[in-house]
Structure formats: C-alpha cells, structure tokens
Amino acid sequence: MYVLVRQAGGGDLVVEPRDEAGASLQPPRRLSLDEFRTFVAARESWALEGRPRWVWDDTGHTYPLLLSAGIRVERCHDLRLCHVILKNSALTQLSELALAAPDRWDAASAVTADQIELRATLFEFDVDDDHGGDDLADHAADGTGDSGATEPGPDSRAPESTSGREFRRQLDAVASAAEPGRLRLLLAAESAGALVAAEMRFAGLPWRTDVHNHLLTRELGPRALPGVRPDRLELLAQRIRLELDDDALNPDSPQELFKALQRAGLAVTSTRGWELKKLEHPVIEPLLQYKKLSRLLSANGWTWMESWVVNGRFHPDYVPGGVVTGRWATRGGGALQLPRQIRGAVVADDGWKLVVADAAQLEPRILAALAQDERMATAGRGTDLYAGIVASGVVETRDHAKVAMLGAMYGATTGESGRLLPRLARAYPRAIALTELAARAGERGEVVTTRLGRSSPVPGQGWHEVQAQAYDLAATATDERRARSQARDWGRFTRNFIVQGSAAEWALCWMAEIRRELAALPASGAGATSALRRADAGPGLAASAARPAAPGRARAPFDYAPHLVFFLHDEVIVHTLAAQAEVVAKIIVTAAETAGRLLFGDFPVDFMLTVATVDNYAQAK
DNA sequence: ACGATTCGCGCG
DNA sequence: AAAGCGCGCGAATCGT
C-alpha cells in the first residue's frame, strides 16, 4: 500500500491512500500535523509488510518537517529522485515517463537546490504551499474524516494531483522494464537513502568543539583575529620568506609563490604539493607544512566550527543522488571531506560509542560481481582483496595490486598502473573485459548502466559536435586529436560509472538495511533511561550525554536509540549506547551480506567490513 | 565591485 | 598530464 502525502498550507498535510497499481483507494484527506502524526503512528505499527510506503515529492523538503514533529516513517518513495532515475535509465527508455517532454519533475532538482537555503536556519522549515496549490483547493473541499464522500480512483471528478499522476507514471515505467525487480530495488534504496540523509542531518554527528579547538590550537597556535595568521602559521610564513629571500611574499598566492620558487632556481610547473615534494630545497619542508596548516585553518578552522556545529552536533546537508553515479554529495560544511586531522573531534556522548564500519575494497569487489569474475571474487574471499591478488601470484606487492586495480577501474594507461594492467587482465579477464566494454561504449557516446539500472548521462551536444567535426572531410589533425581525446575522456567516465554507480547502490542497500534493523531493535528502555538519568545527575556529564531537545523540537528517537550519524560512500558511523554497540556491529555486518545478495544474488563474492567500536572517530582505522 | 573561473587540496 | 574516476570548498585570480 502507498499513501501519497502532500504538504498543505498552515502545516497541514494531505494524505491519499493508493493501491499497488497507484490507483486511489480513498479521496484525499487534509490532516493537521497532529492528526497526521496519529495517522502515521497507526500505520507504522502494522507488520512490516503491511506498512505503507509514503509517497511524496521530495524527502528533503517534507521529511525534516516530520522529524522535527517527532514523526518517523519506515519507508518512502521519493518522486523527485525516482523520476531522475527512470527518466535516464536505459531500462525504461520507452516508457511514457522517459518519452515525455521535460516538465517540472525534470526541473525539480535544480529548483530545490536553489530553494533550500538552510545554512543559517537549521531546523526552521517553512511549509511549502506554492506548488500543488490548485489541487489543494479541490481536496480541501473534501474536508477531513469523511472518507468515501468522493468516488475513488483516477475517474474521480477532482483532477488528480501532479504528484499522483507522476506516481502512476513512475509505476508504469517500472512495470514496463525488462527486469522490474532491479529498478524497484533501486528506487526503494534511493528513497531509503533520502530518509537516512534527512535523519542523519536531523540527528547530527556528535562534535566536541572543545576537542576541535584543542586540536586546532595545538596545530596552529591560539586562535587569531580574522585576517591574522595564527602563530605557527605566521612563523612558517616567515621561514618561507627567508628561504626564498622575499620579504613580501604571500605564500597563499600561487602566482607570487610560483615566481619566488622560480627565482630560487626551482624548476616547478606549478605550486602543487605533490610536485614540491619531489624537490630538494630548504624551503620545501616549511612550505609543505604551511600548506597543510593553512588548509586546515581555512577549511575546518574555527570559522567552520562556528558555522556548522550547533549544540554539539555537526549537521551537514547531504544530497542523495547529488552525483550522476548515484553517490551522495553534500552542500556546505564539506561533510564528505572531513580531514583525518580533526576526526578526533567526533566523539561519542558519555556512555555511548561510535560504531565505525567501512567496506574493504568495495569497488573491486563490486567489479568482480558485476563481471561474474569468480577468480577475482575468490581472491577477496575472507581476506583483503589486494592481499588475495598478491597471494594468487598476480603481482608482487599489495601496493601494486591496489594501483593496478584502481588503474583498471579509472582507465589509467601510463605509469606503473598501466604497466601492471596486462598482468591483471591475464589473471582476471572477465573483470577487465567488462571495464573495457564500458569504456568503449562511452567512447562511442553510448550509455552504460549500473547493476540496478541507473544509466550514465548522454554526452552533451558539444561532445557530439566535436566528434562529428573529426569525421568531416575538412577535419584537421587537431580536430581529430581533440575528438579522440574527448572520446577517451568520456570512456574513462563510463568505465568508472558502472563500478562507482553499482558500489553506490550497494552502499544504499547496506544503509537501508542498517537503518531498518536499528529501528527494529527492541526499545533500549531501562538501560537507556537510566543511562540518561545518571548523566543528567552528574555535573560533568550533563552537557553531552543527555541531550535535551532543542527548544521547539520534539524529542526524537535519535536521542536514545542507536542511529546512523555519518555516511561516506563506503563507510558508516552509528552512534549508540555502549551496551548496544555489539548488536549494532552485528547488524552492520549482516546488512553488508544482505546488500550483496540483493544486488548479486548467489554470486559468491564477499563484502568484507572493517568494524571498530570507538569513543572517537580518529580511533577508527 | 562583483560574479565566474582557476588553483589547490581535502575525501572516497 | 601525477595516473586514471567522482565530488565540495576557500582563496586567489580573471573578466566584465
């Protein structure tokens, strides 16, 4: 069963039950937020199979509102995210949805990205009453409570909402696909990811600003006024000026620095760290040190801390489906780039633990399964995959195995990676053939598709023009070179797309399973409550252990039950009461196995995890 | 003066 | 051009 949910003005919501085919079961009803909470609670208490899938335009828009009202749902269907998948998927190319002219569902992603400007107003959500207003007027007339007053179904006299139409269009598209099961799983996983993203943002990553400040002070020296370098940074700047004999040099300016390095007789082509590292000169060491520290200051210094950490929690804005491959992106705060240097500031609350889990060599394992390459899968069975490749005698060192594999998946042709590739191809012909196949398709401008059915974008108009130009009679050698190079670029993209995209699907399934199992844990009850009480009573603990609900915010389950707090492509963190850490770790491991089966059935590939139960993130790995 | 682009570097 | 994929972000720099 499905229930369509739309936000109405004044915080009300309009609900409309739909059957498996998307047909209306009851006329839409308008509910207040309180009524809606009761409505949801009743249905979420049903057995899992009976629980509805809540269908709405945009999880990132609607769900935060529900979360702050203390409402959690088990599963949803995110029309915006699912539309993008179905519109582009090679599996639904002939569906009405895919063939339709671009409409507001295609513009939706761009619009919401601009609309949502929550940086300064964490947790202050406005109800959207701009779109769907026309439908609302009709539905509002139905009143609340008197279900059955209107004839249900698409033949209903009231015009169907755009969301309702879109929903049925999406169900039709899925049903028309050759293997609807794959897409169904993908849409469910994508939508579950959207729920996770909203919940993680809502709960936040535990962040100790005092520890962060301590780390910064130790590295940089005490905080300085804006525009002034902290001591240690200034000292390094002085040394750099001295070594390069340039009193006025600003080491932050690549131009100035480049000239100064040249003057000092260093043959550099840029000021990049990796290039400097190869040089011998007294300025190199302080310069590299300076770069490292100045990066820390500008990217994750005190300013960052003050803008992104609220009440001991970092609330990054995750963007599910933000990357074409299906990976998440983030907006603001740089959550996917938290440098190792400051991970020590991610500290579990007192009496709590962080369970940090990371999928080991995820992408090569995904490749092995995609290609049904049993030899490669065997190399990774029960062990580090790269070590397994070494043990099979394919290459000499783990480092070689890794660089060769990455090169195969990214399309490296030169250097060490390129040299090792033939050995990999001999040992794992199926896997390497698959990457080559994907690359060739991309070079021809064709689309490739992930395991569950997410397809790569078609190269833009400019791309085709350049290709066409190379075939013109008047084509110059430059035209041809440009076309070839561009084709190879796109080939490397599609080569990587199938692996990165399928890995992203695995990760979504993994997370969805974790989320579901965590929610199914028996309420931690006495243990949790007493832990919180103790913390409340203890003066030293009060600040972090018992997190009082922020003003105007309902107390969410995340304040006492184990919950996901971070996700980074192939890594998750669960924040949990210490007593439950062990069962949480078990859930995470089992979820990885389940995700593997969901994607690849019985194909015997292991998805190994590194799991660590720690007090702070820096202790993991 | 200000938006767009480039550089450089953090993460997977 | 590091050696190949995908990102976000801040500061410097470019362009108008």
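The rules behind the values
- Residues numbered from 1 in each chain as written.
- Chains lettered and ligands numbered in written order.
- Predicted model: local features only at pLDDT ≥ 70, side-chain atom pairs only at ≥ 80, totals over all residues.
- Heavy atoms only, no water.
- UniProt positions renumbered as here; feature names shortened; annotations may be inferred.
- Salt bridge = Lys/Arg side-chain N within 4 Å of Asp/Glu carboxyl O.
- Buried < 20%, exposed > 50% of the residue type's maximum accessible area, 1.4 Å probe, protein only.
- Near = heavy atom within 4 Å.
- Polar contact = N/O pair within 3.5 Å; in protein donor to acceptor, adjacent residues only side chain to side chain.
- Pairing = 2+ DSSP bridges.
- Helix = DSSP H or I, 4+ residues; strand = E, 2+ residues; numbered from the N terminus.
- Axes fitted to C-alpha atoms, helices over the stretch in contact; angles between N-to-C directions.
- Contact = heavy atoms within 4.5 Å.

Going by an unreviewed UniProt entry, chain A carries the name DNA-directed DNA polymerase and comes from Cryobacterium levicorallinum. As recorded by UniProt, the Catalytic activity (unreviewed entry) comment attached to chain A reads in full: "DNA(n) + a 2'-deoxyribonucleoside 5'-triphosphate = DNA(n+1) + diphosphate".

Colleague: Would you take a moment to explain the pattern of salt bridges for this structure?
Modeller: Opposite charge on two side chains permits them to pair, given that their charged atoms come into close proximity. A complete count under the given rule lists 35 salt bridges for this structure. For R18, the salt bridge goes to E16, with nearest N and O atoms at 3.2 Å. Like R18, the residue E16 is buried in the burial classification. Put simply, D489 and R492 hold a salt bridge, and the shortest N to O gap is 2.3 Å.

Colleague: What's the story with the protein's contact with DNA strand B in this structure? I'm lost.
Modeller: Around DNA strand B sit 19 residues in total, of which T271, G273, R295, Q337 and D570 are the nearest. A distance of 3.2 Å is found between a base nitrogen of DNA strand B and a side-chain nitrogen or oxygen belonging to R327. One of the side-chain N or O atoms of R343 is found 3.2 Å from a sugar or linking oxygen in DNA strand B.

Colleague: Would you explain the sheet that holds strand β13 (residues 571-577) in this entry?
Modeller: With antiparallel pairing, the four strands of this open sheet are ordered in space as β12-β13-β11-β14. Where the open sheet ends on each side, the last strands, each with one partner, are β12 (563-567) and β14 (609-614). Sheet twist, expressed as the mean angle between neighbouring strand axes with direction ignored, is 20°. Sheet strands touched by helix α22 (residues 477-520): β11 (352-359), β12, β13 and β14. Its angle to β12, the strand with the most contacts, is close to 160°.

Colleague: Teacher, can you tell me more about the protein's contact with DNA strand C here?
Modeller: Close contacts around DNA strand C come from 29 residues, with S253, G332, Q337, A412 and T414 the closest. Within 4 Å of the protein, the contacting atoms of DNA strand C are 75% sugar and phosphate, with bases supplying the remainder. In this structure, a base nitrogen belonging to DNA strand C sits 2.8 Å away from a side-chain N or O atom of Q337. Within the residue set of the surface near DNA strand C, elements represented by two or more residues are α11 (254-263), α13 (284-300), β10 (329-331), α18 (398-410) and α22. In terms of residue count, the dominant contributor to the surface near DNA strand C is α22 (four residues).

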